[in-house]
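Listed below, chain by chain, are the residues.
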Amino acid sequence: MSSDSPASPDSIRPSGSLLLRTMAMPGDTNPAGDIFGGWILSQMDIAGSLLAREIAGGRVVTVAVDSMKFMKPVKVGDIVCCYGSCQKIGHTSLTIELELWVKKIRDGERPERFLVTRGHYTYVKVNQEGRPAPLPESAGARAAAGSDAAAAGLGISAGC
Ligand SMILES: CC(C)(COP(=O)(O)OP(=O)(O)OC[C@H]1O[C@@H](n2cnc3c(N)ncnc32)[C@H](O)[C@@H]1OP(=O)(O)O)[C@@H](O)C(=O)NCCC(=O)NCCS
């Protein structure tokens, strides 16, 4: 089977713009040495809020996260990349579809990458009192443009 075949892991690509890239560290582990699921969810929330703030043009809060499944464990030293795109724009809220990918780099071996989890995070634009505020008219265009990082040319090759 060729590495470009539809069934090969290499053919499964992250979807959306690269929003966040970091490394899983020992302080993020449970007693068994695996990375906490809560740490992964918080990285995704940070990544989603970066894009949501760009689109909303101001402060946002997380109002909902849909149910998620962890398909693979994350280990210390893994490069963690979060990709996302805006799926829905409402009056005050917007929903970002997020994917968390891992890239493992081992000496002398080809990097391995895989999808860990995906989910939908919904954010609400809020005013100074913390109450919902209307999204700007430009929100749709900003959502279509993706993240500032993507516009700056930070693409998949720099991620997982
Ligand atoms: C987010 C918050 C300001 C919304 O206030 P609210 O009075 O419930 O606001 P509304 O009922 O008018 O809903 C506002 C928007 O959120 C959406 N929303 C509310 N609950 C939702 C849910 N469970 N799932 C998806 N969207 C939801 C509404 O559909 C609405 O979207 P729209 O304006 O695009 O149609 C308020 O619930 C809050 O402060 N929550 C705490 C947020 C927080 O601390 N998050 C964690 C840290 S960031």
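As a starting point, this report considers the structure included with it. (Residues numbered from 1 in each chain as written. Predicted model: local features only at pLDDT ≥ 70, side-chain atom pairs only at ≥ 80, totals over all residues.)

### Details of the site of the ligand
Phase 1 of the analysis: The full set close to the ligand counts 13 residues, and Ala64, Gly90, His91, Thr92 and Ser93 are the nearest of them.
Phase 2 of the analysis: Take the shell around the ligand: its biggest share by element is four residues, from strand S2 (residues 60-65).
Phase 3 of the analysis: Of the residues contributing to the shell around the ligand, the split by class is six nonpolar, seven polar and no charged. (Near = placed C-beta within 6 Å. Helix = DSSP H or I, 4+ residues; strand = E, 2+ residues; numbered from the N terminus. Nonpolar A, V, L, I, M, F, W, Y, C, P; charged D, E, K, R; others polar.)

### Observations regarding the pairing of strand S4 (residues 93-104)
Phase 1 of the analysis: Summarising the sheet, strand S3 (residues 79-89) and S4 pair through 10 bridges and their orientation is antiparallel. Across the sheet, the residue bridging to isoleucine 89 is leucine 94, located in S4.
Phase 2 of the analysis: Between the end of S3 and the start of S4, which pair antiparallel, lie three residues.
Phase 3 of the analysis: The pairing of S4 with strand S5 (residues 112-125) spans 12 bridges and is classified as antiparallel. Each bridged residue has a counterpart across the sheet, and for glutamate 97 the counterpart in S5 is histidine 120. (Pairing = 2+ DSSP bridges.)

### Regarding the sheet that holds S5
Phase 1 of the analysis: Overall, antiparallel pairing links the five strands, which are arranged S1-S3-S4-S5-S2 in an open sheet. Edge positions in the open sheet fall to strand S1 (17-23) and S2, since each of these has one partner strand only. If you compare each strand with its neighbour and ignore which way they point, the axes differ by 35° on average.
Phase 2 of the analysis: As paired strands, S1 and S3 are joined by six bridges and run antiparallel to one another. Its bridge partner lying in S3, methionine 23 is registered against isoleucine 79.
Phase 3 of the analysis: Most of the contacts of helix H1 (residues 37-56) go to S4, to which it runs at about 135°, and overall it touches S1, S2, S3, S4 and S5. (Axes fitted to C-alpha atoms, helices over the stretch in contact; angles between N-to-C directions. Contact = placed C-beta atoms within 7 Å.)

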